[in-house]
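This is what each chain is made of:
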Amino acid sequence: MNRLLLAAYPKSYRSRQGEEVLGCLAEAYPGRSWPPPREVVALARAGVQARARAVVDDGARPWWLDGIHLTALVLAALALVPYLQDVWHWALHIDPGRHAIAFHFSGWYPWAEGPTRTRLLPYGLLPLVCLIALLRGKPWIALPAAAAMIYAGATFNSNTFFGDEGKAGLGYYGLGAPITARDLVLSGALCTACAVLALCRPGRLRRHSYRWMVPVVLAMFVAGGLHIISISPAFQRGLFALEVAALIAAWVATAATGDYRWLIPVAAVAFIRTQAIVIQPNGFIRSLPDLIVFLLLIAPLPALAITAQRRRSRALLE
């Protein structure tokens, strides 16, 4: 199990010092397959710092291009979240029955039982295509999918290709998944980011392994297999915890390098979430007051900017 902790480190580090780290853990904690929680946190933090330094040291692309690429990946994942169950059911030809997510008719597929109005594809396929294409550094494939998201959201009253209603979009914390297919700000921002990436020599983009799709498939399995829809408290709390972990990782990376690239996706998500709450203030379950929600969305921005500035100032003094 200790080898799982090494996944936090870049490949070059694992090849040079991986066995040494495993040996130290085996010697420090004999007979244990997993170190104490404090040691796990320390190793994970060191791994994030090592990955961040490796990214910054790679001069193959400017920091802002990497930041826009990260932003597109995050926005594609955010758009996919409400439809994890739907895509899983479509791929395996499962009739969700009463577990269908906010569609007028059960399942909306030819194999669904009872009266249905057939739709050809689930809307969630579009952000999924975007996510996979962006992971592989191919924005020219992600761009038409993002444009199709805009078209689907703009014609939801008349177009039944992906379904006429889509995800209702309640957010348990006002932070989890408050974006609907009809909100063109998210799909528009994603399309804009993909267009910029496609115009800026796509060959320079970072290519990630397909292994990054493993957690996405696992999330689809949990949502589809257990029929946990994205407006349920359990789903929202889990997503909230995941987002907090991502913000902490962004802060650790910024503190280690003083680089601003991780600020770009955080700012984009904060803007999109804030406008969604302002435009539809009654569309969310108020488990937290609006002011606290806004503070939670906006507070990471100055925190990351100040952290980056302090790290740069310290580097100049050294």
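The structure displayed is predicted, hence computed values, not measured ones.

Cut-offs and rules
- Residues numbered from 1 in each chain as written.
- Predicted model: local features only at pLDDT ≥ 70, side-chain atom pairs only at ≥ 80, totals over all residues.
- Heavy atoms only, no water.
- Helix = DSSP H or I, 4+ residues; strand = E, 2+ residues; numbered from the N terminus.
- Buried < 20%, exposed > 50% of the residue type's maximum accessible area, 1.4 Å probe, protein only.
- Contact = heavy atoms within 4.5 Å.
- Axes fitted to C-alpha atoms, helices over the stretch in contact; angles between N-to-C directions.
- Left-handed = near helix turned anticlockwise from the far one by under 90°.
- Nonpolar A, V, L, I, M, F, W, Y, C, P; charged D, E, K, R; others polar.

*Asks:* Just give me the short version of the overall build of the protein chain, but keep the residues and values in it.
*Replies:* Scanning the protein chain from N- to C-terminus turns up 13 helices and 0 strands. Reading the protein chain from its N end, one meets helices and strands in the order α-α-α-α-α-α-α-α-α-α-α-α-α. Per-residue burial over the protein chain gives 44% buried out of 318 residues. Pairs at least 24 apart in sequence give 76% of the contacts found in the protein chain among residues at least 6 apart.

*Asks:* Describe unusual backbone geometry, listing the residues and the values that go with them.
*Replies:* In the Ramachandran plot, His93 falls in the positive-phi region, its phi being about 55 degrees despite a non-glycine side chain. Under the relative-accessibility criterion, His93 is labelled exposed at 53%.

*Asks:* Break down the packing of helix 4 (residues 63-80) against helix 8 (residues 184-199) for me, with residues and values.
*Replies:* Pairs of packed helices are described in terms of their axes, by the angle between the two and the distance that separates them. Where helix 4 meets helix 8, the closest approach of the two axes is 9 Å, and the angle between their N-to-C directions is 145 degrees. Crossing handedness for the pair helix 4 and helix 8: left-handed. Judged by residue contacts, Leu65, Ile68, His69, Ala72, Leu75, Ala76, Leu78 and Ala79 of helix 4 engage Leu186, Ala189, Leu190, Ala193, Val196 and Leu197 from helix 8. Considering only residue class, the contact of helix 4 with helix 8 consists of 13 nonpolar, 1 polar and no charged.

*Asks:* Lay out the environment of Leu25 in plain terms, naming residues and giving numbers.
*Replies:* By the secondary structure assignment, Leu25 is in helix 2 (residues 11-28). The spatial distance from the C-alpha of Leu25 to the C-alpha of Glu39 is 9.4 Å, given a sequence separation of 14 residues.

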